Amino acid sequence: MTASGAHEAAWGPAMREALAEAARAGDRGDVPVGAVVVDSSGTVIGRGCNTREADGDPLAHAEVVALRDAAAHVGSWRLDDCTLVVTLEPCAMCAGAVVQSRIPRLVFGAHDVKAGAVGSLWDVVRDPRIPHRVEVVSGVLADQCAGLLTEFFAGRRGR
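Residues numbered from 1 in each chain as written. Predicted model: local features only at pLDDT ≥ 70, side-chain atom pairs only at ≥ 80, totals over all residues. Heavy atoms only, no water.

Trainee: For the overall build of the chain, give the residues involved together with the corresponding values.
Mentor: A tally of regular secondary structure across the chain gives five helices and five strands. Ordering the α and β elements of the chain from the N terminus gives α-β-β-α-α-β-α-β-β-α. C-alpha extents for the chain along the principal axes are approximately 45 × 40 × 30 Å. Split into buried and exposed, the 159 residues of the chain put 43% on the buried side. (Helix = DSSP H or I, 4+ residues; strand = E, 2+ residues; numbered from the N terminus. Buried < 20%, exposed > 50% of the residue type's maximum accessible area, 1.4 Å probe, protein only.)

Trainee: Explain the pairing of strand 3 (residues 83-88) to me, and be specific about the residues and the numbers.
Mentor: Of all six residues in strand 3, six are buried; the element is thus mostly enclosed. For strand 1 (residues 34-38) and strand 3, the ladder comprises four bridges, and the chain directions are antiparallel. Across the sheet, residue Val-38 finds its bridge partner in strand 3, namely Thr-83. Sheet topology places strand 3 next to strand 4 (residues 105-110); five bridges connect them, and they run parallel. When the bridges of strand 4 are listed, Leu-88 appears paired with Ala-110. Crossover handedness for the path strand 3 to helix 4 (residues 92-100) to strand 4: right-handed. (Pairing = 2+ DSSP bridges. Right-handed = clockwise from strand over helix to strand, strands pointing away.)

Trainee: Provide a residue-level description of the pattern of salt bridges, including the pertinent values.
Mentor: Tallied over the entire structure, the rule returns seven salt bridges. Of the charged contacts, one joins Arg-105 and Glu-135 as a salt bridge, the two residues approaching to 3.1 Å between their closest N and O atoms. Taken together, the positions of Arg-105 in strand 4 and Glu-135 in strand 5 (residues 135-138) put the pair 30 residues apart, joining distant regions of the chain. We note a salt bridge from Arg-129 to Asp-127, for which the minimum N-O separation is 2.5 Å. According to the relative accessible area criterion, Asp-127 is buried, its value standing at 16%. When salt bridges with common partners are traced through the structure, they connect Glu-17, Glu-21, Arg-24 and Arg-47 into a single cluster. (Salt bridge = Lys/Arg side-chain N within 4 Å of Asp/Glu carboxyl O.)

This is how it looks when you write it as structure tokens:
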């Protein structure tokens, strides 16, 4: 099995959960990005999708919503033994939230060449000046993740 195949086998189920969250956002008119936080046993303990439009909240990115949900579940802001799985490469704000929550692993689907802060434009989570490092797994179900976004924006341009 290739490295990407192993990542897909390991993280595909969680990414499908994140894709379901992304679809919920898109159905409500928000950019379809979804995220889940899983604990060390692989159980989903936090869910989130973009709700910026629905809530009028500039901070309501899928990652932030999922991290808040997971923190409420565990009763702590420290998510030391968890993994954040998100359909799109996090922006600078969300990458910072990953570092601040002490998430040790980040898994994402599609790269974001316009605003990605986990390798595309910046690499916030692996910056050597920051004491907390994050393992990154990228490209999990990337075509499905990117497809949701492409379809969403094509529909908006068609209006």
